[in-house]
Amino acid sequence: MSSLSYAVSDSMTMLRRNLKHALRYPSMTVSVVAMPLVMLLLFNYVFGGALGSGIGGSATGGGEYIDYVAPGIILMAATSGALSTAISVCSDMTEGIVNRFRTMSISRASFLTGHVVGSVIQTLFSVALVIGVALLMGFRPHAGAVEWLAFLGVMVLLILALTWLSAAMGLIAKNVETASNMPMPLTFLPFLGSAIVPPESMPAGLRWFAEYQPFTPVIETLRGLLMGTEIGGSGIAALAWCVGLALVGYLWARWAFNRDAKR
């Protein structure tokens, strides 16, 4: 068996381990899933009347406020998965299991690969649940099969980027409490983008930040794919941000893991 086959086999073993942990200890998964659902209910039913009245039909694709806010909340479901990744990676690092893995004849890459792939699967489940609840609340996307496939591709790329970043944060965190706080900016940054309201409605300084931060082009791309609104250059910017963040996260996580091995 080649070294690549061993690495794939070990990664699958680590993936099964992480998925079993998620099933046996579901509290973290439930809390991660619950937050975007609460946000969806809150902004649609509590603030939706006031916020929706100030958003024109072109921004919502001709629909209700739920059609505008749902793509932003779907993205928040992707960012909330970063929290569980950082905590699970840090927990393994601080409890000593990683040192045990290093004494065994397994691929070094399998530890991080198992965590990342497992977290991507769990986060995609969270995204699917948010979409299902949004549909029950009246969300009516206009996307066809091609648009849904493109939407899925962007979501997977975004989740992969955020997962590598959060894995790196979990590796450098001193304890689980620190690891749970480090990804928080990723979770709340969409609020300062176009997730809830268009940047045009914000003050000048905040509007500039909202337009040029990473999540706004991703949100606009997702909204355009689902609702048929104009995407423009947001699609290219979204892909560039996702690929760039994924590369930074991967290199950061690899450096942090190797640094810890040398201590």
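This text follows the structure it describes.
Residues numbered from 1 in each chain as written. Predicted model: local features only at pLDDT ≥ 70, side-chain atom pairs only at ≥ 80, totals over all residues. Heavy atoms only, no water.

Moving on to the nonpolar core. By size, the foremost hydrophobic cluster in this structure holds 62 residues, and its most contacted members are Leu-171 and Ile-196. Residue assignment for this core shows that the elements contributing at least two residues are α2 (27–46), α5 (65–95), α6 (97–102), α7 (109–136), α8 (145–172), α12 (215–227) and α13 (234–261). A total of 14 residues in this core trace back to one element, the largest contributor, which is α5. (Core = buried A, V, L, I, M, F, W, Y, C linked by side-chain atoms within 4.5 Å. Buried < 20%, exposed > 50% of the residue type's maximum accessible area, 1.4 Å probe, protein only. Helix = DSSP H or I, 4+ residues; strand = E, 2+ residues; numbered from the N terminus.)

Taken together, the side chains of Leu-41, Leu-42, Tyr-45, Val-46 and Phe-47 present a nonpolar region at the surface, about 470 Å² in accessible area. Note on placement: Leu-41 falls in helix α2. Since its relative accessible area comes to 39%, Leu-41 is described here as partly exposed. (Patch = residues over 30% accessible without salt bridge, like charges linked within 9 Å, V, L, I, M, F, W, Y side chains within 5 Å. Areas by Shrake-Rupley, 256 points an atom, 1.4 Å probe, with all protein chains shown as cover. Salt bridge = Lys/Arg side-chain N within 4 Å of Asp/Glu carboxyl O.)

For the rest of this paragraph, the subject is the packing of aromatic side chains. Applying the stated rule across the entire model yields 6 aromatic pairs. Ring centres of Phe-43 and Phe-191 lie 5.8 Å apart, and the angle between their planes is 40°; this geometry places the pair in the tilted category. One end of the pair, Phe-43, is in helix α2; the other, Phe-191, is in the loop between α10 (184–188) and α11 (204–212), and 148 residues separate them in sequence. Through a chain of ring-to-ring contacts, the aromatic side chains of Phe-43, Phe-188 and Phe-191 assemble into a single cluster. The ring of Tyr-68 has Arg-223 sitting right over it, with the charged end atom 3.7 Å from the ring centre. (Phe/Tyr/Trp six-rings, centres within 6.5 Å; stacked < 30°, edge-to-face > 60°. Lys NZ or Arg CZ within 6 Å of the ring centre and 35° of its normal.)

Now for α12. When the terminal C-alpha atoms of α12 are compared, their 18 Å separation across 13 residues agrees well with the 18 Å that a helix rising 1.5 Å per residue should span. Taken across its 13 residues, α12 has 13 buried, putting it largely inside the fold. Among the residues trailing α12, Gly-228 stands out with phi positive, at a value near 80°. (Expected span 1.5 Å × (residues − 1).)

So yeah, pure geometry; function would need other evidence.
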